[in-house]
Amino acid sequence: RMFALLRLLVDEGCAVTFLDQLHEHRGEYTRQLLLAGVETWWRPWLGDLPRWLRRHGARFDAIVVSRHYVLSPLLALLRKRAPQAQLVFDTVDLHFLREQREAELSGDERTRRAAERSRQHELALIAAVDRTWVVSPVERELLASLSPTSQVDVVATIYEAVEDSPGREGRSDMVFVGSFGHAPNADAALWLANDILPR
């Protein structure tokens, strides 16, 4: 999704810069960004982020930061070093909503409390930025009631249509794509295997 967004921005004529959260060269991913025309920084050339932002922050019209745990420690620094930039919080998904749903299913009080902490944290970030991106109209409607003065846009997951996909008769088997270190993915794979496939 992020790669598709970056390519779309380049296609629209934007000068696009990408910083990996860990400031590392990510092999083929980094090479693909460079080939797409995205300026990409990593160690050792990136160096210290506050120093890098002091040097480069003034050139940005907008800064998009994905995920609340990435934005949270950067918010004050970005406001200080790039005050002219519109700050966009790309939630990727509202974590608190996913956690609330998990708490409702499990009935676990600890999970409910964690979801409430996430809710307060994410809503505070949404109130502090200029725009927020969510992936669905459901999330936008929820934020309209929880944070009515916030500017919220739907930026859905982006897929390229594949024209030559075989029809149903030309396909077999399946593959599940997702990290099993992410609890909802593991839950989805188990649900697929245990509840859907047997039917």
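Our subject is the structure that appears above.
Residues numbered from 1 in each chain as written. Predicted model: local features only at pLDDT ≥ 70, side-chain atom pairs only at ≥ 80, totals over all residues. Heavy atoms only, no water.

(A) Spotlight on the packing of helix α4 (residues 68-81) against helix α6 (residues 109-128). Taken N-terminus to C-terminus, the directions of α4 and α6 make an angle of 35°; their axes are 11 Å apart at the nearest point. Judged by the twist between their axes, the crossing of α4 over α6 is left-handed. Here H68, L71, S72, L75 and R79 of α4 lie close against α6, whose contacting residues are H121, E122, L125 and A128. The class makeup of the residues in the contact of α4 with α6 is four nonpolar, three polar and two charged. (Axes fitted to C-alpha atoms, helices over the stretch in contact; angles between N-to-C directions. Helix = DSSP H or I, 4+ residues; strand = E, 2+ residues; numbered from the N terminus. Left-handed = near helix turned anticlockwise from the far one by under 90°. Contact = heavy atoms within 4.5 Å. Nonpolar A, V, L, I, M, F, W, Y, C, P; charged D, E, K, R; others polar.)

(B) Spatial organisation of the pairing of strand β3 (residues 62-66). Across the two faces of β3 the burial differs, with I63 and V65 buried and A62, V64 and S66 not buried at all. Bridge count between β3 and strand β4 (residues 86-90): five bridges; the pairing is parallel. Counterpart to V65 in the pairing with β4 is F89. Since β3 and β4 lie parallel, the crossover through α4 that links them has a hand, and here it is right-handed. (Buried < 20%, exposed > 50% of the residue type's maximum accessible area, 1.4 Å probe, protein only. Pairing = 2+ DSSP bridges. Right-handed = clockwise from strand over helix to strand, strands pointing away.)

(C) View of the side chain of H95. On the secondary structure map, H95 appears in helix α5 (residues 95-106). On the basis of relative accessibility, which here comes to 8%, the residue H95 falls in the buried class. Not counting chain neighbours up to four residues away, the residues in contact with H95 comprise R67, H68, Y69 and E122.

Interpretation in functional terms is not warranted from these geometric data alone.
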